[in-house]
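Here's the letter readout for the chains.
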Amino acid sequence: TRSFTDPSVSMDLLRAVLQPSINEEIQGIFNKYMKFFQTAAINVRDNVGEEVDPEQLIQETCRSCLEQAKLLFSDGKKVVPRLPHEQAVPKRARQMDEELSRRGSPIPKKRKGRPPGQSLSNDRGVSGMAAWKLKVSEPVKRDGPKWDPSRLTETTTFVLGSRANKALGMGGTRGRLYIKHPHLFKYAADPQDKHWLTEQQHMRAIGGKMAYLLIEEDIRDLAASEDYRDSVDLRLEELKPFIPPAWMTEKMQKHMETLRRGGDVPPPEDPPE
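The shown structure was predicted, so the numbers you read here are calculated from the model rather than taken from an experiment. (Residues numbered from 1 in each chain as written. Predicted model: local features only at pLDDT ≥ 70, side-chain atom pairs only at ≥ 80, totals over all residues. Heavy atoms only, no water.)

Okay, the pairing of strand β3 (residues 212–215) next. Neither face of β3 is open: one carries Tyr212 and Leu214, the other Leu213 and Ile215, and all of them are buried. Where strand β2 (residues 186–188) and β3 come together, three bridges link them in antiparallel fashion. When the bridges of β3 are listed, lysine 186 appears paired with leucine 214. (Buried < 20%, exposed > 50% of the residue type's maximum accessible area, 1.4 Å probe, protein only. Helix = DSSP H or I, 4+ residues; strand = E, 2+ residues; numbered from the N terminus. Pairing = 2+ DSSP bridges.)

Shown next as structure tokens:
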């Protein structure tokens, strides 16, 4: 048992009292820069393919920021490992960075362009997202009636993710629907599913590109919500819903059940675009 007169115990008690306020201020800082992370994650999604999870990228980036921030309080002995691309920094610049970190008074670099506090609402691909604040630690909830596999029956209608994006006015940025609404159920079509979709002329042959299926009801519920119902870009005629065969519906039921239980789903067999 350690005495409360122990300096480290006393300081940790103070830290515990202040931690909620510190966390709130740190969250505010991340919210300030979140628009940049969101834009970068969307660009990565567009360039690499829809198998990329932008929310995971953003969370990993935020965690990396916190790890690197520890350098500000480094005692010179325990140094936070740097990423490979950071190790390529010239020796002199690295020494200056570490010296500033030890002093605890880093000098911000001057840079051209817009300051972090300014809105990006007019930027291409970001319009309408500036008000959306991602909570870094918030897990994706997969419960409730919308995540009950029994709702998927032989008469349940589905739509392609690409068509849902267009219907909600987000056709210009592929994958944006999944970023903005991560709680939506989506199913990545495998080669067998794509073959049927192509044969039935629900989609064109797309080679290695990803194809997601979403429940039509979920998309129409979104369209009727406050965020979309008054939008001039709403195009519900773009949905083109269809009823998949029973064997495909059964696969989607198993997929939903796996996700609902928090299990991992194997990646699609097709390579990224």
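Structure shown, so let's carry the discussion forward.
Per the stated rule, a full pass over the model turns up 13 salt bridges. The shortest N-O distance in the salt bridge between glutamate 217 and arginine 151 comes to 3.0 Å. With glutamate 217 in helix α8 (residues 216–223) and arginine 151 in the loop between α4 (91–103) and β1 (158–160), this residue pair connects regions lying 66 residues apart in the sequence. Arginine 261 is paired through a salt bridge with glutamate 257; the nearest N and O atoms lie 2.4 Å apart. Taking relative accessible area as the criterion, arginine 261 reaches 67% and is therefore assigned exposed. Put simply, Lys146, Arg151, Glu217, Asp218 and Asp221 are held in one network by salt bridges that share partners. (Salt bridge = Lys/Arg side-chain N within 4 Å of Asp/Glu carboxyl O.)

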